[in-house]
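# Descriptive structure summary
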Amino acid sequence: MALSSLFMEVLMMMNNATIPTAEFLRGSIQTWIGQKVDGLAVLPLLTAACQSLASVRHMAETTEACITAYFKEGSLNQNLGWGPILVSLQVPELTIEEFLQECLSLGSYLTLYVYLLQCLNSEQTLRNEMKVLLLLSQWLEQVYPSSMQEEAKLFLWWHQVLQLSLVQTEQNDSVLTESVIRILLMLQARQSLLAEERLSSGILRAIGLGRKSPLSNRFRVAARGMAAFLSVQVPAKDQIRLKPGSELHLTLKAQQALNALESLTSSKQYVEYQDQILQAAQFIKHPGHCLQDGKSFLALLVNCLYPEVHYLDNIR
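Report follows, based on the coordinates. Since we're looking at a predicted model, the values are computed, not measured. (Residues numbered from 1 in each chain as written. Predicted model: local features only at pLDDT ≥ 70, side-chain atom pairs only at ≥ 80, totals over all residues. Heavy atoms only, no water.)

## As for the overall build of the chain
Note the threshold: Secondary structure counts use DSSP, requiring at least four H or I residues in a row for a helix and at least two E residues in a row for a strand, with both numbered from the N terminus. Computation of the radius of gyration draws on C-alpha atoms, with the globule rule given as 2.2 Å multiplied by the number of residues to the power 0.38. Note on exposure labels: buried denotes an accessible area under 20% of the residue type's maximum, exposed denotes more than 50%, and partly exposed covers the range between, all computed with a 1.4 Å probe on protein chains only. Any pair of residues with heavy atoms lying within 4.5 Å of one another is described as a contacting pair. The Shrake-Rupley method, run with a 1.4 Å probe, gives the accessible areas here. Residue values count only the displayed protein chains as cover. For the purpose of charge, His is not counted, nor are the chain termini; Lys and Arg are scored as positive and Asp and Glu as negative. Note that the charge is assigned to NZ on lysines, CZ on arginines, CG on aspartates and CD on glutamates.
From N to C terminus, the chain includes 16 helices and two strands. At 21 Å, the chain has a C-alpha radius of gyration in line with the 20 Å of a compact globule built from 316 residues. C-alpha atoms of the chain, sized along the principal axes, occupy 65 × 45 × 40 Å. Among the 316 residues that make up the chain, the fraction classed as buried is 50%. When contacts within the chain are restricted to residue pairs at least 6 apart in sequence, those whose partners lie at least 24 apart make up 71%. If you sum the accessible surface of the chain, you get close to 15000 Å²; carbon and sulfur atoms cover 54% of it. One finds the centroid of the 24 positive side-chain charges in the chain at a distance of 6 Å from the centroid of its 28 negative side-chain charges.

Below is the structure:
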C-alpha cells in the first residue's frame, strides 16, 4: 500500500508538471516498472495508473508496462494467469474510445487483450462474442508492431480470433459462418503481410525494395505458418474446413502459402528454425487437421519459437 501510495503521488506530479518534466517522469516510471517490479506487486500500480493519470497516452503506456512486468521472467507468480490483471485494470469509461485508440497506436496490445477479456466476461452471450470478434478483426486490420518487443502479443489476439470463430461456426448459421470466413481471410492476409521481410507495397515489394521489417525472423516463421494453415482451412470465400478428411486438396493460394513457408528452409537467415518450419509444414499438410486444430497449431508455434514469453502461457 505504501508503494502504491508513493506511485500515485508520482503520477499526480506527472499530471501537473510541464511537458519536459512529465516526459522525464514518464521515462523514469517506465524504466522503474521494467526493472524493479513484477508479479503481484504490479496490481495496485496498475489500478493506480487507471485512476490517477490525466493523460490517456501516459495511461496506455503505463498499463502496458505494468502488465508486461507482471509476466516477467523469474516472477514467483507466473502461474496466477490473467485473472488478477482483469480485476486490476479499470479502463476509464469517459475516455474509453480515446484510450483504446492510444493503445492501438502505442502498441499496448496486452492492455487491449485484457479489455477484450473483460468485455467477454461482462456478457457471456453469442451476440456479445460476435461483437468482440468484429472489434478484434478491426484492430487486427490496423496494427503493425513497431518492434520485436511487441510482436508476440499478437499471438494472444490470433488465439482469441480462432476461439471465437469456432464458437460462431458451431451455430450452423450461414450468415455467421460467412462473417467468420471473411474475418479469417482478413487475418490470413494480415499474417502474410506481417511475414514480409520488407515494409513496402505494390511494385516496390515486387522488386524486393522497401524498408526492412522491424519484426524478428522467428515471428515471420510463425506468421507464415499461420497464414499457410488458414489458407488450407479457409480455401475460398464460401468454404471452410470444420472437419478433418482423408485427403487434402490444396487450392493454388494454399499451395503458394505453403511454398512460402517451406522456402524459408533454403534461406541462411532461417537456418536455426529449420526444424520448426518442417514441423509446421508437416502439421499443415496433415489431412486429419482442420480449423478445430488451429489453436493447437498456434500453441505448437508458440512453444517452439517463444518458450520464454510468459504472457503466452495461457495459449500453450
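Moving on, there is more to tell.
## Side note on the nonpolar core
Filter applied, for reference: We call a set of buried Ala, Val, Leu, Ile, Met, Phe, Trp, Tyr and Cys residues a nonpolar core when their side-chain atoms join them within 4.5 Å.
With 106 residues, the main nonpolar core has Trp 82, Phe 155, Trp 157, Trp 158 and Leu 312 as its most contacted residues. When residues in this core are grouped by element, the largest group, 10 residues, is from helix 7 (residues 109-122). Discounting residues that sit within four places of it in the chain, Trp 158 has contacts with Leu 140, Leu 187, Gln 191, Leu 194, Phe 219, Ala 222, Ala 223, Met 226 and Leu 298.

## Regarding the packing of helix 8 (residues 126-142) against helix 11 (residues 174-194)
The cut-off we apply is this: Axis definition: a line fitted to C-alpha atoms, limited for helices to the stretch in contact. Angles are taken between N-to-C directions and run from 0 to 180 degrees. The labels follow the angle: roughly parallel below 35 degrees, roughly antiparallel above 145, roughly perpendicular from 65 to 115, and oblique for the rest. By definition, any crossing whose near helix is turned counterclockwise from its far helix by less than a right angle is left-handed, and any crossing with a clockwise turn is right-handed.
Relative to each other, helix 8 and helix 11 sit at 25°, their axes nearing to 10 Å. As judged from the angle between their axes, helix 8 and helix 11 are roughly parallel. The interaxial crossing formed by helix 8 with helix 11 has left-handed handedness. Contacts between helix 8 and helix 11 pair Met 130, Leu 133, Leu 134, Ser 137, Leu 140, Glu 141 and Gln 142 from the former with Leu 176, Ser 179, Val 180, Ile 183, Met 186, Leu 187 and Arg 190 from the latter.

## Examining the environment of Ser 165
Within the secondary structure, Ser 165 is located in helix 10 (residues 153-169). What makes Ser 165 buried here is its relative accessible area of 0%. Separated by 36 residues in the primary sequence, Ser 165 and Glu 129 have C-alpha atoms spaced 9.1 Å apart. Look past the residues within four positions of Ser 165 in its chain and what remains in contact with it is Leu 133, Val 180 and Leu 184.

## Considerations on the state of the cysteines
Definition in use: Put simply, a disulfide is two cysteine sulfurs that come within 2.5 Å.
Under the counting rule described, the total for this entry stands at zero disulfides. Summary of cysteine pairing: Cys 119 is not part of a disulfide, and the nearest cysteine sulfur, belonging to Cys 103, is at 12 Å.

## Digging into unusual backbone geometry
At Asn 172, a position not held by glycine, the phi torsion is positive, near 55°. Along the chain, the position of Asn 172 falls in the loop between helix 10 and helix 11. According to the relative accessible area criterion, Asn 172 is exposed, its value standing at 71%.

Keep in mind these values describe shape, not function.
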